[in-house]
Structures are given as C-alpha cells and as structure tokens.
Amino acid sequence: MAEDTVLTPKTKSKPKLERPKLYKVILLNDDYTPRGFVTMVLKAVFHMSEEAGLRVMMTAHRLGSCVVVVCAKDIAETKAKEAVDLAKEAGYPLMFTTEPEE
C-alpha cells in the first residue's frame, strides 16, 4: 500500500537587495584650464556631445561647479580620476570630485 506524499514547493526567499548608492561626479571651476580643454575632457571621458559639454562647462564656469553625471560609485570614481589625470598630463589643475547622491 502506497502512502500519499504531499510535495510542497520550497519557496526561495530572496534577500532584499538594496540598490547601490548613486554618486555624483562634479566638475569644479578654475581660472586656469581653457574652456575648450574642459569641453574636450567632458566629450572624451563622459561621452558628451559638443553642445552638452559646452553647457556643463559654462554652468560650472558661472556657478562654480556642475554635476556632470550620476552613476554607481566605482564608475563615478573611475571617471573622475580619468578626467583629472587627463588634465594633469596636459598641465591643467582641472578638478572633478565625487559625492553620494542625496
């Protein structure tokens, strides 16, 4: 005589994954780096169009700083470092910083 066995599917509980914190890359204005160079860096590192690069550069110029992009922390830090390194190689004090998005 066979016994009736009831199979209940195991429910897999997924751990609640929190979205990674986003970080802002911020362009800081300086009085030494030529505007054309800043725009070139924005195009090369952040893949911006000429128009977008000019707009971001002019915003930083007028207001002192401008958010360039918001992305994952490791990407933000890599992009900021890449941009600063490009400027250093060319002898400019151009600065990009990163900070957590609120």
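Keep in mind that what you see is a predicted model, and the values were worked out from it rather than measured.

Undergrad: Whenever I open this one, the overall build of the chain confuses me. Can you help?
TA: Helices and strands together make up the secondary structure of the chain, namely three helices and three strands. Moving toward the C terminus, one meets the helices and strands of the chain in the order β-α-α-β-α-β. Buried residues in the chain amount to 29% of all 102 residues. A sequence separation of at least 24 residues applies to 73% of the contacts in the chain between residues at least 6 apart.

Undergrad: What's the story with helix α2 (residues 50-63) in this structure? I'm lost.
TA: Over its 14 residues, α2 extends 20 Å from the first C-alpha to the last, a length consistent with the 20 Å expected when each residue adds 1.5 Å. Buried within α2 are the following residues: Ala52, Gly53, Val56, Met57 and Ala60. An end-on view of α2 places all buried positions within 130 degrees of arc, on one side of the element. α2 presents Glu51 and Arg62 as exposed residues on the side facing more than 90 degrees away from its buried surface.

Undergrad: Any chance you could explain the packing of aromatic side chains here in plain terms?
TA: Any pair of aromatic rings gets described here by the distance separating the centres and the angle formed by the planes. Counting across every chain of the model gives two aromatic pairs. With a centroid separation of 4.8 Å and 50 degrees between ring planes, the pair formed by Phe37 and Tyr92 is classed as tilted. Taken as a pair, Phe37 in helix α1 (residues 35-46) and Tyr92 in the loop between α3 (73-89) and β3 (95-100) lie far apart in primary sequence, 55 residues in all. A relative accessible area of 27% places Tyr92 in the partly exposed class.

Calculation rules
Throughout this description, residue numbers start from 1 for each chain and increase along the sequence as written. Owing to the predicted nature of the model, reporting of local features is limited to residues with pLDDT of at least 70; listing and counting of side-chain atom pairs is limited to 80 or more, with chain, interface and lining totals taken over all residues. The side-chain values count all of the structure's non-hydrogen atoms but skip hydrogen atoms and water molecules. We count a stretch as a helix when DSSP gives it H or I for four or more residues in a row; a strand needs E for two or more, and each element gets its number in order from the N terminus. When a residue's accessible area, from a 1.4 Å probe over protein chains only, is under 20% of the maximum for its type it is buried; when over 50% it is exposed; and in between it is partly exposed. Contacts are assigned to residue pairs with any non-hydrogen atoms lying within 4.5 Å of each other. Between the first and last residue of a helix there are one fewer steps than residues, each counted as 1.5 Å, and that sum is the expected span. The arc in question is traced by the directions running from the helix axis to the C-beta atoms. Two rings from Phe, Tyr or Trp (for Trp, the six-membered ring) form a pair when their centres sit within 6.5 Å of each other. Planes less than 30 degrees apart are called stacked, planes more than 60 degrees apart edge-to-face, and all others tilted.

Note that every value here comes from positions in space, so none of it alone points to a role or purpose.
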